[in-house]
Structure formats: structure tokens, C-alpha cells
Amino acid sequence: MQSVIALLLVVSGAAAVLVAMRRRFLLATVEGHSMVPTLEPGDRLLVRRTSLTSLNVGDIVVVAPDARMAGPRPRAGLVIKRLVALPGGPVPVDVPCPGGDVLPVGRMAILGDNPSASRDSRHYGLVAEDRLVGVVIRPVGRRPSPTH
């Protein structure tokens, strides 16, 4: 009986740790070529959920797309881009920013590392802080290719 109770405690403890990890981290998969050569399609990324105030210019961020970001094709997944400007910083060249040369509070500018294949802040403008999902911690592998 004690071994059953011990096993239940271990299993429930492990479940609690997994729930806590899920709230703090997620896995994202790169789709498309906008971040080549840094990231390739199919790369799996460990992402830490965070706020805009804890980010640095140059971080690779994950955002939830809004209608402006979808463009001509509806976008179902997440958007993975490089953070190029934070609130209070200068607006990057070619990024539309109504109201001045400094990013307003609660906004960020994101660009792909492969400009010719990237739909980013140059096209849809600044991104609201509430769209931020997190920051990429590291690649963790590649999604297996489907076999036909």
C-alpha cells in the first residue's frame, strides 16, 4: 500500500512539474524561409514565455499573428522573427510608424533575417506587445520530414 501511495506521489509531482513547464515554455516549429540562414524550415525551437520588458534588440521572438500580419495568405501558426526595435528606441528604416521616429510604449519592430522571403514590420508595421508569445531560447532539433 505504501508503494502505491509513493508511486502516486511521484506521478502527481511529475505532472505538476510538467504543468509548470508548459506554462513557462513551449515548442515552436519554423515554417517558411524568412529566418534563413539562422533558422531553417522544420527547425524546432524552445521558447520561453516572457514580457517585452525582458527582451533585448537582436533576440528572436515568437508572436501570435493578427489580421494585418496574415497578408494575402491566412496564417494559422506563430510568427518567428528577430526583434529589431523596442519601445523608446529608434524606428528602423522602412518600418512604418505613425507619429514619429521613436517606437511608442507597448510596440516592437520585428524583421526576418532573410528580407527577400520575409513578411515583417516593413509590411505590416509595429507589433503590439500583447501579440508577444516569448523569446527563442535555443533550437532543439528538426521536425522529421514526412515520408511519402
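In every chain, residue numbers begin from 1 and rise along the written sequence. The model is predicted, so local features are restricted to residues of pLDDT at least 70 and side-chain atom pairs to those at 80 or more, both for listing and for counting; the totals for chains, interfaces and linings are taken over all residues. Excluding hydrogens and water, the side-chain figures rest on all heavy atoms present in the structure.

J.: Explain the side chain of N114 here, please?
T.: Secondary structure counts use DSSP, requiring at least four H or I residues in a row for a helix and at least two E residues in a row for a strand, with both numbered from the N terminus. Structurally, N114 can be placed in the loop between β5 (107-111) and α3 (121-124). Throughout, exposure labels follow a simple rule: accessible area from a 1.4 Å probe, protein chains only, divided by the maximum for the residue type, with under 20% read as buried, over 50% as exposed, and the rest as partly exposed. Its relative accessible area of 17% is what places N114 among the buried residues. A polar contact is formed between the side chain of N114 and the backbone oxygen of H33, at a distance of 3.1 Å. Contacts were defined at the residue level, with two residues in contact if any of their heavy atoms lie within 4.5 Å. Not counting residues within four places of it along the chain, the set of residues in contact with N114 comprises H33, S34 and V36. The term polar contact refers here to a pair of N or O atoms within 3.5 Å; inside protein, the definition further demands a hydrogen-donor-capable atom paired with an acceptor-capable atom, and it admits residues adjacent in sequence only when both atoms are side-chain atoms.

J.: Looking at this structure, I do not really get unusual backbone geometry. What am I missing?
T.: Comment: phi is negative for the bulk of residues other than glycine, and the bulk of peptide bonds are trans. Note the cis peptide between V36 and P37, where omega equals 10°. Relative to the helices and strands, P37 resides in the loop between β1 (25-29) and β2 (43-49). The phi dihedral of D94 is positive, around 75°, even though this residue is not glycine. Here D94 lies in the loop between β4 (79-85) and β5. D94 gets classed as exposed once you look at its relative accessible area, which sits at 60%.

J.: In this structure, what is going on with the sheet that holds strand β7 (residues 132-142)? I would like to understand it.
T.: Two pairing modes exist for strands in a sheet, parallel and antiparallel, and in both the strands are linked by backbone hydrogen bonds. Pairing within the open sheet is antiparallel, and its seven strands lie in the order β1-β2-β7-β3-β4-β5-β6. With partners counted over all chains shown, the strands left at the sheet margins are β1 and β6 (127-128), one partner each. Taken together, the five bridges between β1 and β2 define a ladder with antiparallel strand orientation. Counterpart to T29 in the pairing with β2 is R44. Only when DSSP finds a minimum of two bridges between them are two strands counted as paired.

J.: How should I be thinking about the side chain of T29 in this particular structure?
T.: Secondary-structure assignment places T29 in strand β1. Among residues more than four places away in sequence, those in contact with T29 are G42, D43, R44, I80 and R143.

J.: Sorry, what's going on with the environment of G42 here?
T.: If you trace the backbone, G42 turns up in the loop between β1 and β2. On a C-alpha basis, the gap between G42 and R142 in space is 5.4 Å, while along the polypeptide they are 100 residues apart. Once you skip the residues sitting within four places of it in the chain, G42 turns out to touch T29, V30, G141, R142 and R143.

J.: Sorry, what's going on with the pairing of strand β3 (residues 60-63) here?
T.: Side-chain direction in a regular strand flips from residue to residue, so the side chains alternate between the two faces of the sheet. Alternating residues of β3 divide into I60 and V62 and V61 and V63, and every residue in both groups is buried. Sheet analysis places β3 next to β4, joined by four bridges and oriented antiparallel. Paired with V63 across the two strands is V79, which belongs to β4. For β3 and β7, the ladder comprises three bridges, and the chain directions are antiparallel. Across the sheet, the residue bridging to V61 is V135, located in β7.

J.: For this particular structure, what's the right way to read the nonpolar core?
T.: Nonpolar side chains tend to gather and get buried jointly when the protein is soluble and globular. We define the nonpolar core as a collection of buried residues of types Ala, Val, Leu, Ile, Met, Phe, Trp, Tyr and Cys that are connected through side-chain atoms lying within 4.5 Å of one another. Formed by 14 residues in total, the largest nonpolar core has its most connected members in L55, V63, M108 and I110. If you list the elements that add at least two residues to this core, you get β3, β4, β5 and β7. Excluding anything up to four places from it in sequence, I110 contacts V61, V63, M69, V79, K81, R82, L83, V84, D120, S121, Y124 and V127. L26, V30, L39 and I60 belong to the second-largest nonpolar core, a separate cluster that totals 12 residues.

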